[in-house]
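So you can see what is in the structure, the chains are spelled out below.
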Amino acid sequence: MITLLPGQAGDDFGRHLTTLLGWREFIATSLGQPMVIMSEAEYEALVAAAESDPSAQEKKSAYDDHRLNHHARLQVIATSTVRHTVTCGRRLIILNRGAVSARRGLLVSGPANTGKTIALTQLGLAHELVDRRRHPGQDERIPVIYITIPPAATSRMIAAEFARFLGLPVTRSLNFTDLTEAVVGVCTTARTGLVLVDEIHNISLHTRTGGEASDTLKYFSERIPATFAYAGIDIESGGLLSGTRGDQIAGRFTSVITHQFPYNKEWKGLVAQMEETLLLHQHEHGTLARLDRFLHTRTGGMIGTLAHQIRGAAVDAILSGAEKIAKSGLLAVDLDIASGRDRPNNPPTAGGKE
C-alpha cells in the first residue's frame, strides 16, 4: 500500500510528472477525447448572448478556458525522433525481459528544446499502455517511473526522487539504506518495467557526489528489474561518459541523438500537424503551413520553440478575441534566447546511433 504525501492530491503538485498521480493524469489526458470546438454560428450566438446574459457569459468563459487549457498543454507531434525513441525503447524493454543483470538502457541526448523530454515521456506512455492491455484492472501496478535529476544531485537526493514519485515518505530520520530498500521493494512489487530519468546532465562524474549519484542509479538499475532510459543536454560531450563509470554507461546504453530540424518535408509536416490542433474560430486553415519557412527561421528548427511559438500565439488569439493566427501574432510572441543564436546546420537525419 502506497502512502501519499500531503498535498499530492487535488493541487498543482499532484499534476507534476514526477509524482505517481501526475504521471497517471498525463496518461489519462493522453487517452482522453479531444475537445470539440463549437460551430461558428454557435460561438457567435454565445458571444452575443454573453454581452447581456450572465449565465451565457459564464458559459463562454468556461468554454474559452477549456480552449486555453488545450493550447497550454503541449500537443505531442509524432516526430521522427519520437518514433525512433519509442522503437528503440520498446526493443530494449523486450530484450531485457530475460536479462538477470547488465540490462541495456537508452540515452536520449541533444541540445535544449529538441524534444528530448517529449520523446522520453512518449516512450513511457507507450510502455504504460502495453502494460495496461496485458494486465487490465491491476491498478496496483506501476509500470513506469519518471524522475528528474536535481542540480548537484547527491545519492540521497536521487533516492528521494524515486520515493517521492512513489508517494513514500522521505524523512530525515530515514537513512539512505532504508530509503533505497523501500524504493526497490515497491518497484518490485508494483512490477515497474521502465524507469525514465530526465535532466541526467545534472550528474557530473568529475565530482565525488556526481560519481556517487551515478552509482546510485546503477544500483537501482541492478536491483529493479526494469529498463532505464536517460535524457539530458549534450550528454556525449559532457562528463557523464568519462572515466571508468562513464565507460560502463557507454557500454550498456544505446543512444538516440535529438537535433534541430532542417527546413524540409518533415518540418513542413510538423507545422501542418500543429496547425491541425488549433481550436480557433476565425483561423484560416493553411495559414501556418504557408509560413513554415518563416517559422523555421524564427525558431531555428527547434521543435520545443516551435511549439511555444504556436501555442503562445493561439493563447493570444483567444484572449484578444482575434480567434486567428497571422504573422503579426507570431512575431508578438517572445521566444527563448537560444532561438535567436546562430547554430550550425545539423544533418537532416533524425535517428541516432545504436
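Further up the page is the structure itself.
None of the values given here were measured: they were computed from a predicted structure.

Student: For this particular structure, what's the right way to read the overall build of the protein chain?
Tutor: Of the regular secondary structure elements, the protein chain holds 14 helices and 5 strands. Computed over the C-alpha atoms, the radius of gyration of the protein chain is 22 Å, within 12% of the 20 Å expected from 2.2 N^0.38 for a compact globule of 354 residues. Expressed as lengths along the three principal axes of its C-alpha atoms, the size of the protein chain is roughly 65 × 50 × 35 Å. Here the protein chain, with 354 residues, has 46% of them falling under the buried criterion. For the protein chain, the exposed area adds up to about 17,400 Å²; of that, 54% sits on carbon and sulfur atoms. For the protein chain, the separation between the mean place of its 37 positive charges and that of its 37 negative charges on side chains is 8 Å.

Student: Help me understand the layout of surface pockets in this model?
Tutor: Any empty space left between atoms is shown by rolling a water-sized probe over those atoms. By volume, the second largest pocket amounts to about 390 Å³. The wall of the second largest pocket is formed by 20 residues, among which Arg97, His127, Thr192, Gly193 and Pro225 lie closest to the centre. Residue assignment for the lining of the second largest pocket shows that the elements contributing at least two residues are α4 (80-95), α5 (116-134) and α7 (176-189). Top contributing element to the lining of the second largest pocket by residue count: α5, with 4 residues. Per-class residue counts for the lining of the second largest pocket are 6 nonpolar, 7 polar and 7 charged.

Student: Quick question: what am I supposed to make of the environment of Thr258 here?
Tutor: The topology assignment puts Thr258 in the loop between β5 (253-257) and α10 (265-276). With near-sequence residues (within four places) excluded, Thr258 lies in contact with Thr81, Val108, Ser109, Gly110, Pro111, Thr114 and Lys116. A distance of 2.6 Å separates a polar atom in the side chain of Thr258 from a polar atom in the side chain of Thr114.

Student: Whenever I open this one, empty space enclosed by the protein confuses me. Can you help?
Tutor: Enumeration over the complete set of coordinates arrives at 3 cavities of 30 Å³ or more. By volume, the largest cavity is sized at about 250 Å³. Those elements that place two or more of their residues in the lining of the largest cavity are α8 (208-223), β4 (227-233) and α9 (243-252). The dominant element in the lining of the largest cavity, judged by the number of residues it contributes, is α8, at 6 residues. Of the residues in the lining of the largest cavity, the class split is 10 nonpolar, 5 polar and 7 charged.

Student: Please explain the packing of aromatic side chains as it appears in this structure.
Tutor: Within a pair of aromatic rings, the relevant descriptors are the distance that separates the centres and the angle that separates the planes. What the rule picks out here adds up to 6 aromatic pairs. For the pair Tyr219 and Phe220, a centre-to-centre distance of 6.1 Å together with 55 degrees between the ring planes defines the contact as tilted. For Phe220, a relative accessible area of 0% puts it in the buried group. An aromatic cluster of three or more residues is present, and its members are Trp23, Phe26 and Tyr146.

Reading the values: the criteria
- Residues numbered from 1 in each chain as written.
- Predicted model: local features only at pLDDT ≥ 70, side-chain atom pairs only at ≥ 80, totals over all residues.
- Heavy atoms only, no water.
- Helix = DSSP H or I, 4+ residues; strand = E, 2+ residues; numbered from the N terminus.
- Rg over C-alpha atoms; globule rule 2.2 N^0.38 Å.
- Buried < 20%, exposed > 50% of the residue type's maximum accessible area, 1.4 Å probe, protein only.
- Areas by Shrake-Rupley, 256 points an atom, 1.4 Å probe, with all protein chains shown as cover.
- Lys, Arg positive; Asp, Glu negative; His and termini not counted.
- Charge placed at Lys NZ, Arg CZ, Asp CG, Glu CD.
- 1 Å grid on protein atoms, 1.4 Å probe; cavity = no way out; pocket = protein on both sides within 12 Å on 5 of 7 lines; lining within 4 Å.
- Points joined across faces, edges and corners; volume = space filled by probe spheres on them.
- Nonpolar A, V, L, I, M, F, W, Y, C, P; charged D, E, K, R; others polar.
- Contact = heavy atoms within 4.5 Å.
- Polar contact = N/O pair within 3.5 Å; in protein donor to acceptor, adjacent residues only side chain to side chain.
- Phe/Tyr/Trp six-rings, centres within 6.5 Å; stacked < 30°, edge-to-face > 60°.

Everything listed here is a matter of geometry and, on its own, says nothing about what the molecule does.
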